[in-house]
Amino acid sequence: MEYAERRERLMAKIGKGTAIFRSAPMAVMHNDVEYNFRQDSDFFYLTGFNEAEAVAVLAPHHEAHRFILFVQPKDLEKETWTGYRVGVEAAKERFGADEVYAIAELDEKLPQYLEKADRIYYRFGRDKAFNDRILRHWQRLLATYPKKGYGPIALEDLAPILHPMRQVKSPAELELMRTAAAIAVDAHNRARDFAQPGRYEYEVQAEIEHTFGLRGTVPAYPSIVASGANACVLHYTENTRQMQSGDLLLIDAGCSYQYYNSDITRTFPISGKFTAEQQAIYEIVLRAQLAAIAEVHPGNPYKQNHDAAVRVIVEGLLDLGLLQGDIEEIIKEEKYKPFYMHRTGHWLGLDVHDVGVYQHGETPHNLEPGQVLTVEPGIYISSYIKPVEGQPEVDPRWHGIGIRIEDDVLVTATGHEILTAGVPKAIP
Ligand code: GLY
Ligand code: MN
Ligand code: MN
């Protein structure tokens, strides 16, 4: 992979600054059992290094070392319990660092890479103790500034510099994303064949995640297998209900392949045939999704795809009598929100909700080739839905219908490519 090239690009942007990256922490599942480790995405993007308790430093102005790693040293006794470590010697060679130290030496070795920098780039993480450690280093250097006349006088967040890089995917990254998409496509198609009345939602989840596991991936997020009214709960992950004939089944599941994610939702009738109400809502969501995808084109403002989806959804709900009044006013005052309360998508990449801005204050963010986003409109009509004032009560025949359709879409030079088109969504 192109980690060195990414570091060079970043270093060209930070000039005389020094950037510090912390690996992800180990997360506790219960008592002394931990979740599988998953590296912090910024850290991984720049190093490819996949261990906890590590720090990476980029110091482009330093005379001797520009890329420095702090890692856990080899310790065969500990590794017997907690797994293989690359160690200090091998890390230099394997990860291309100019210098590698044991993580225990961080406080002693770090100042030499900060003292002549004009600023420190650091993203505050969830570990307050580590944030404080970086602040203490900075404070010490600020104290010596008057005597020396140089040193880091500012602490700056890296997001505005690093995240636009992550937002535009390289051909190598796109290869990984295509693989993640293809595996999730297969998983969804198998799940659709497998799902039938009488089965439990968790069985469908197991079928999906079986495909993920067989193909060397892990779920990108907790899989949502929501039958019937459960589909109206956006983050339903209990997956415990027994599915009934006549239900719709909403499956929102994606996988992570070598750290790159896919994110697909399909909703279909479990016994093969929509009711009239289900079909009416499904047709609106599908039209909304196609209209939104049509707006994915380089140069178009990001938000245009959401606006297109909202318009189609409002038109559809007006036609069905689920909304009433002037379309422009309903859109402007967001009176559709009891039915459609989320955005139409997000960036996708190393994080499922990937980094990068969606707009620059009042200025739109225009799409660029290489960006990948999800397009995922939905309509949700729970039995407890509360229409806004002046809107009609919902007839109970609509209750319990929840539909979302989600694809992963790459912005290309001439338009877009749907990476997840292999899962059918047309009404048969
Ligand atoms: N499954 C998470 C999302 O669709 O954003
Ligand atoms: Mn999703
Ligand atoms: Mn999504």
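Above this text sits the structure in question.
Residues numbered from 1 in each chain as written. Chains lettered and ligands numbered in written order. Predicted model: local features only at pLDDT ≥ 70, side-chain atom pairs only at ≥ 80, totals over all residues. Heavy atoms only, no water.

J.: What's the story with the overall build of the protein in this structure? I'm lost.
T.: Along the backbone of the protein there are 13 helices and 21 strands. Charge centroids of the protein, computed over 45 positive and 61 negative side chains, lie 4 Å from each other. (Helix = DSSP H or I, 4+ residues; strand = E, 2+ residues; numbered from the N terminus. Lys, Arg positive; Asp, Glu negative; His and termini not counted. Charge placed at Lys NZ, Arg CZ, Asp CG, Glu CD.)

J.: Just to check I follow, could you spell out the coordination of the manganese ion (ligand 2) for this structure?
T.: Geometry sets the ideal angles at a metal, namely 109.5 degrees for four tetrahedral donors and 90 or 180 degrees for six octahedral donors. Every protein donor of the manganese ion (ligand 2) is accounted for by Asp252 (OD), Asp252 (OD), Asp263 (OD) and Glu406 (OE), and the metal-donor separations fall at 2.0 to 2.5 Å. Geometry at the manganese ion (ligand 2) is irregular, judged from its 6 donor atoms and the angles of 55 to 170 degrees they form at the metal. One chain supplies every donor for the manganese ion (ligand 2), spaced along it as D-x10-D-x142-E. The metal-metal distance between the manganese ion (ligand 2) and the manganese ion (ligand 3) is 3.3 Å, with Asp263 serving as a donor to both. With a gap of 154 residues between them, Asp252 in strand β11 (residues 248–253) and Glu406 in the loop between β19 (401–404) and β20 (407–411) connect regions that are remote in the sequence. In this structure Asp252 comes out as buried when scored by relative accessible area, which is 7%. On the basis of relative accessibility, which here comes to 0%, the residue Glu406 falls in the buried class. (Donors = N, O, S within 2.8 Å, 3.2 Å for Na, K, Ca; no water. Tetrahedral: all angles 85-135°; square planar, octahedral: opposite > 155°, others 65-115°. Buried < 20%, exposed > 50% of the residue type's maximum accessible area, 1.4 Å probe, protein only.)

J.: It is not clear to me how a positive patch on the surface should be interpreted in this structure. Could you clarify?
T.: A contiguous patch of positive charge on the surface is contributed by Lys16, Lys116, Lys147 and Lys148. On the accessibility criterion, Lys147 (82% relative accessible area) is exposed. (Patch = residues over 30% accessible without salt bridge, like charges linked within 9 Å, V, L, I, M, F, W, Y side chains within 5 Å. Areas by Shrake-Rupley, 256 points an atom, 1.4 Å probe, with all protein chains shown as cover. Salt bridge = Lys/Arg side-chain N within 4 Å of Asp/Glu carboxyl O.)

J.: What is the right way to read the sheet that holds strand β10 (residues 224–227) from this model?
T.: The strands making up a sheet associate through backbone hydrogen bonding, with each pair oriented either parallel or antiparallel. Spatially, the 3 strands line up as an open sheet ordered β10-β11-β14, and their pairing is antiparallel. A single partner strand is all that each edge strand has here, and the edge strands are β10 and β14 (264–269). Across the sheet, the mean angle from the axis of one strand to that of its neighbour is 10 degrees, orientation sign disregarded. Here 6 bridges tie β11 to β14, and the two strands are oriented antiparallel to one another. (Pairing = 2+ DSSP bridges. Axes fitted to C-alpha atoms, helices over the stretch in contact; angles between N-to-C directions.)

J.: For this particular structure, what's the right way to read the coordination of the manganese ion (ligand 3)?
T.: Listed as protein donors to the manganese ion (ligand 3) are Asp263 (OD), His346 (NE2), Glu376 (OE) and Glu406 (OE); their distances from the metal cover 2.0 to 2.2 Å. What the 6 donor atoms of the manganese ion (ligand 3) show is an angle range of 51 to 155 degrees at the metal, which sorts the shape as irregular. Between consecutive donor residues of the manganese ion (ligand 3), the sequence gaps follow D-x82-H-x29-E-x29-E.

J.: Please explain the sheet that holds strand β6 (residues 99–102) as it appears in this structure.
T.: Within the open sheet, the 6 strands sit side by side as β6-β5-β4-β1-β7-β8. Their pairing is mixed. Edge strands, defined here as strands with exactly one partner in the open sheet, are β6 and β8 (154–156). The sheet shows a mean angle of 20 degrees between the axes of neighbouring strands, taken without regard to direction. The pairing of strand β1 (residues 18–22) with strand β7 (residues 119–122) spans 3 bridges and is classified as parallel. Residue pairing across strands places Ala19 opposite Tyr121, the latter belonging to β7. Of the strands in this sheet, β5 (67–71) and β6 touch helix α4 (residues 87–95), which is tilted by about 155 degrees from β6. (Contact = heavy atoms within 4.5 Å.)

J.: Please clarify how the packing of aromatic side chains should be interpreted in this entry.
T.: Any two aromatic rings considered together are summarised by their centre-to-centre distance and by the angle between their planes. Applying the stated criterion to the full structure yields 11 aromatic pairs. A ring pair is formed by Phe274 and Tyr282, whose centres lie 5.0 Å apart and whose planes are at 45 degrees; its orientation type is tilted. Taking relative accessible area as the criterion, Phe274 reaches 14% and is therefore assigned buried. Since its relative accessible area comes to 3%, Tyr282 is described here as buried. When the ring of Tyr302 is compared with that of Tyr358, the centres are 4.9 Å apart and the planes differ by 70 degrees; the resulting orientation is edge-to-face. Residue Tyr302 is found in the loop between α11 (276–294) and α12 (304–319), and its partner Tyr358 is found in the loop between α13 (327–332) and β15 (359–360); the two are separated by 56 residues along the sequence. A relative accessible area of 30% places Tyr358 in the partly exposed class. By the ring-pair criterion, three or more aromatic residues cluster together here, those being Tyr3, Phe44 and Tyr259. The side chain of Arg6 reaches across the aromatic face of Tyr45, ending 4.2 Å from its centre. Residue placement shows Arg22 over the ring face of Phe130; its charged tip is 4.3 Å from the ring centre. (Phe/Tyr/Trp six-rings, centres within 6.5 Å; stacked < 30°, edge-to-face > 60°. Lys NZ or Arg CZ within 6 Å of the ring centre and 35° of its normal.)

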